[in-house]
Amino acid sequence: MSDSGRTASGRTDAGGTDTGGDGRTDSGGRNVTSFGFTVSPTTVSPGGTVTVNATKCQTPTVRVTAPVFDAVTLNEGRSSTAKISPDAKPGAHDVTFDCKGERGTAKLTISAGGARPTGPQTPTVPGGVEAGDGGSFSELDATQLLAGTALVAGAVGAAGVYAARRRSGTQG
């Protein structure tokens, strides 16, 4: 479900607490803003990481603050991550999104216990693979190509001789 327009965020955590809005509430007690925002996950351990996102703010930046992590600036509607302090106290904390002076608040619950991964961890490979220019053949000279060809031909020949001897029953 996404947050948009002047509607209640519609986002609740497992305990039924609204996790988006600006302090104004609708008849159901849910937060309402002219922009959307999210915190995910809504429960995290001290030292963990959350993803924050804001959409449909008329300015290109949204400032996100909370007592349990350093302030984050979201640019052009892009999401960002925030590292929860390892000293964060367990319990519910307000995460405030400021869109050109209009503020929305979401709840973030810090669980008891130490830091642990909050979701699948994706390894980062520095540099990645070099692709698109011929791979391993791009830097070989004629001598290296001839030597490689000779090695392959020799291996194929030796395998053929072995197979022929095996079929004829002579071993040697």
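Nothing here was measured: the structure is a model prediction, and the numbers come from that model. (Residues numbered from 1 in each chain as written. Predicted model: local features only at pLDDT ≥ 70, side-chain atom pairs only at ≥ 80, totals over all residues. Heavy atoms only, no water.)

Comments concerning the state of the cysteines
Next up, step 1: Under the definition given, this model contains 1 disulfide.
Next up, step 2: The residue that forms a disulfide with cysteine 57 is cysteine 99, at a sulfur-sulfur distance of 1.9 Å. Its S-S torsion of about 100° marks the bond between cysteine 57 and cysteine 99 as right-handed, since a negative value means left-handed. Remark: cysteine 99 occurs in strand E9 (residues 91–99) and cysteine 57 occurs in the loop between strand E5 (49–55) and strand E6 (61–66); sequence separation between them is 42 residues. Cysteine 99 carries the same exposure label as cysteine 57, and that label is buried. (Disulfide = S-S within 2.5 Å. Helix = DSSP H or I, 4+ residues; strand = E, 2+ residues; numbered from the N terminus. Buried < 20%, exposed > 50% of the residue type's maximum accessible area, 1.4 Å probe, protein only.)

Overview of the environment of alanine 82
Next up, step 1: Considering the arrangement of structural elements, one finds alanine 82 in strand E8 (residues 80–83).
Next up, step 2: Between the C-alpha atom of alanine 82 and that of valine 52, which follows or precedes it by 30 residues, the distance is 7.4 Å.
Next up, step 3: Ignoring sequence-local partners within four residues, the contact set of alanine 82 consists of Gly48, Thr49, Val50, Phe69 and Val72. (Contact = heavy atoms within 4.5 Å.)

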